[in-house]
Amino acid sequence: MGSLENSVDEMAEDVARGVTRAAARACILASAATAIPLWLFSRLTPYHFLFSASTPLSRFGTIINVCAFTGYLLAAAAIPTYLVYLYAIGYASGAATVIPTLGIVSMAVIHFCYGVMGYGPPNLTSRIIGVLLLLPVAIRLIVPVRRFFRARPLSFVPVAYAIGISLAILALFAYASPELMPVSITDNLGHNKTVYIPMPGDDFSFYTTESLLEFGFWRWLAAGVGALTYFAAALTWQNLQKPPAPEPKAE
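Residues numbered from 1 in each chain as written. Predicted model: local features only at pLDDT ≥ 70, side-chain atom pairs only at ≥ 80, totals over all residues. Heavy atoms only, no water.

Undergrad: Hey, could you go over the overall build of the protein for me, with residue numbers and the actual values?
TA: A tally of regular secondary structure across the protein gives 7 helices and 4 strands. Along its sequence from the N terminus, the protein presents helices and strands in the succession α-β-α-α-α-α-α-β-β-β-α. By residue count, 30% of the 251 residues in the protein fall in the buried class. Counting only contacts in the protein whose residues sit at least 6 apart along the sequence, the fraction spanning at least 24 positions is 66%. (Helix = DSSP H or I, 4+ residues; strand = E, 2+ residues; numbered from the N terminus. Buried < 20%, exposed > 50% of the residue type's maximum accessible area, 1.4 Å probe, protein only. Contact = heavy atoms within 4.5 Å.)

Undergrad: Could you give me a rundown of the packing of helix H2 (residues 59-89) against helix H4 (residues 124-141), with the residues and numbers involved?
TA: Remark: H2 packs on H4, axes separated minimally by 8 Å, with the N-to-C direction vectors making an angle of 30°. Considered as vectors, H2 and H4 are oriented roughly parallel to each other. Facing Val-84, Tyr-87, Ala-88 and Ile-89 of H2, the residues of H4 in contact are Pro-136, Val-137, Ile-139 and Arg-140. Here the contact of H2 with H4 is built from residues that sort into 7 nonpolar, no polar and 1 charged. (Axes fitted to C-alpha atoms, helices over the stretch in contact; angles between N-to-C directions. Parallel < 35°, antiparallel > 145°, perpendicular 65-115°, else oblique. Nonpolar A, V, L, I, M, F, W, Y, C, P; charged D, E, K, R; others polar.)

Undergrad: Can you tell me about the nonpolar core, naming the residues and giving the values?
TA: Formed by 21 residues in total, the largest nonpolar core has its most connected members in Leu-38, Leu-50, Phe-69, Leu-73, Ile-165, Ile-169 and Tyr-207. Elements with a minimum of two residues in this core: helix H1 (2-44), H2, helix H6 (153-176) and helix H7 (217-241). It is H2 that contributes the most residues to this core, 6 residues altogether. Residues within four places of Leu-50 in sequence aside, it is in contact with Leu-38, Ser-42, Phe-69, Ile-169, Leu-172, Phe-206 and Tyr-207. Among the nonpolar cores identified, the runner-up in size contains 19 residues, and Leu-132, Leu-133, Val-137 and Leu-167 belong to it. (Core = buried A, V, L, I, M, F, W, Y, C linked by side-chain atoms within 4.5 Å.)

Undergrad: Tell me about the packing of H4 against helix H5 (residues 143-151), and please be specific about residues and values.
TA: Packing of H4 against H5 brings their axes to within 5 Å, and their N-to-C directions diverge by 90°. Judged on the interaxial angle alone, H5 and H4 are roughly perpendicular. From H4, Ile-139, Arg-140 and Leu-141 reach across to H5, where they touch Val-143, Val-145, Arg-146, Phe-149 and Arg-150. Partitioned by chemical class, the residues of the contact of H4 with H5 number 5 nonpolar, no polar and 3 charged.

Undergrad: Give me a nonpolar patch on the surface: which residues, what numbers.
TA: A cluster of nonpolar side chains, Ile-79, Tyr-82, Leu-83 and Leu-86, forms an exposed patch at the surface whose accessible area comes to about 440 Å². With respect to the helices and strands, Leu-83 occurs in helix H2. (Patch = residues over 30% accessible without salt bridge, like charges linked within 9 Å, V, L, I, M, F, W, Y side chains within 5 Å. Areas by Shrake-Rupley, 256 points an atom, 1.4 Å probe, with all protein chains shown as cover. Salt bridge = Lys/Arg side-chain N within 4 Å of Asp/Glu carboxyl O.)

Undergrad: Give a detailed account of the side chain of Arg-140, specifying residues and quantitative values.
TA: If you trace the backbone, Arg-140 turns up in helix H4. At a separation of 3.1 Å, a polar atom in the side chain of Arg-140 contacts the main-chain carbonyl oxygen of Tyr-87. A polar side-chain atom of Arg-140 sits 3.2 Å from a polar atom in the side chain of Thr-97. (Polar contact = N/O pair within 3.5 Å; in protein donor to acceptor, adjacent residues only side chain to side chain.)

Undergrad: I'd like a rundown of H2, residues and numbers included.
TA: For H2, built from 31 residues, the straight-helix expectation of 45 Å at 1.5 Å per residue is met to within 8% by its first-to-last C-alpha distance of 43 Å. When the local axis directions of H2 are compared, the greatest deviation, roughly 30°, occurs at Ala-78, which is followed within four positions by the proline Pro-80. (Expected span 1.5 Å × (residues − 1). Bend = angle between axes of the 7 residues up to and from the residue.)

Undergrad: Explain the packing of aromatic side chains residue by residue, including any values.
TA: Across all of its chains, the model carries 14 aromatic pairs by this definition. The interplanar angle of 5° and the centroid separation of 6.0 Å between the aromatic rings of Phe-41 and Tyr-47 together place this pair among those described as stacked. Overall, Phe-41 belongs to the partly exposed group, its relative accessible area being 37%. The interplanar angle of 80° and the centroid separation of 6.2 Å between the aromatic rings of Phe-69 and Phe-206 together place this pair among those described as edge-to-face. Here Phe-69, found in helix H2, pairs with Phe-206, found in the loop between strand S3 (192-199) and strand S4 (207-208); they are 137 residues apart in sequence, far enough to count as distant. A residue is classified by how much of its surface remains accessible, and Phe-69, at 0% relative accessible area, is buried. Among the aromatic residues, those joined into a cluster by ring pairs are Trp-39, Phe-51, Phe-69, Tyr-72, Phe-206 and Tyr-207. The ring of Phe-215 has Arg-219 lying over it, and the distance from NZ or CZ to the ring centre is 5.8 Å. (Phe/Tyr/Trp six-rings, centres within 6.5 Å; stacked < 30°, edge-to-face > 60°. Lys NZ or Arg CZ within 6 Å of the ring centre and 35° of its normal.)

Shown next as structure tokens:
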């Protein structure tokens, strides 16, 4: 009896490890597929809040900087992706679910009614952030949807990654955009009213290129992670193209 229970536990651990490895591969593919388009978007449009090149670089320097950008982007998206994944299709219940749900809904209401992080009037960016915050809550509360993703947890990894990376990018875009500061004024009739004065946003880019001689430890580490991401994505994609192995014939 004990040996049977041990074998069942070992099988469950093998399945969990397989799911974890497959989820990691899905995140790697998603990261490799999104980093290059985001880099091109930031370089070919006036929106340089993601990637800005302060100095001209050689082709090799550009490749290394793009790899470092990919590493930083993967790190920025990993935490919200993991939290969204655990919350939406996790098995926690009771206070472990109610308190996070109330917190997420409260943040969504703030973005809908009071702008990004409660500053300024609500705009399109704040409303999109609010919708993205409510998506995991909807997935968690709609039982058929949650059961579907629990039965296919790997299919939820791209969804969680899309939500996580979108939240990170929209937050950066909001900080880089002009900020509307509320100012209370009194008109000639003595009525108080609030007007919003646009203030320049933070002159900040998520990633600013540097020459390779100026790279520090963390930037080289991010570049290595980014290069490994593309290498692993290439291997994963190559393996996905292979035909499945034939099943053993029953004797």
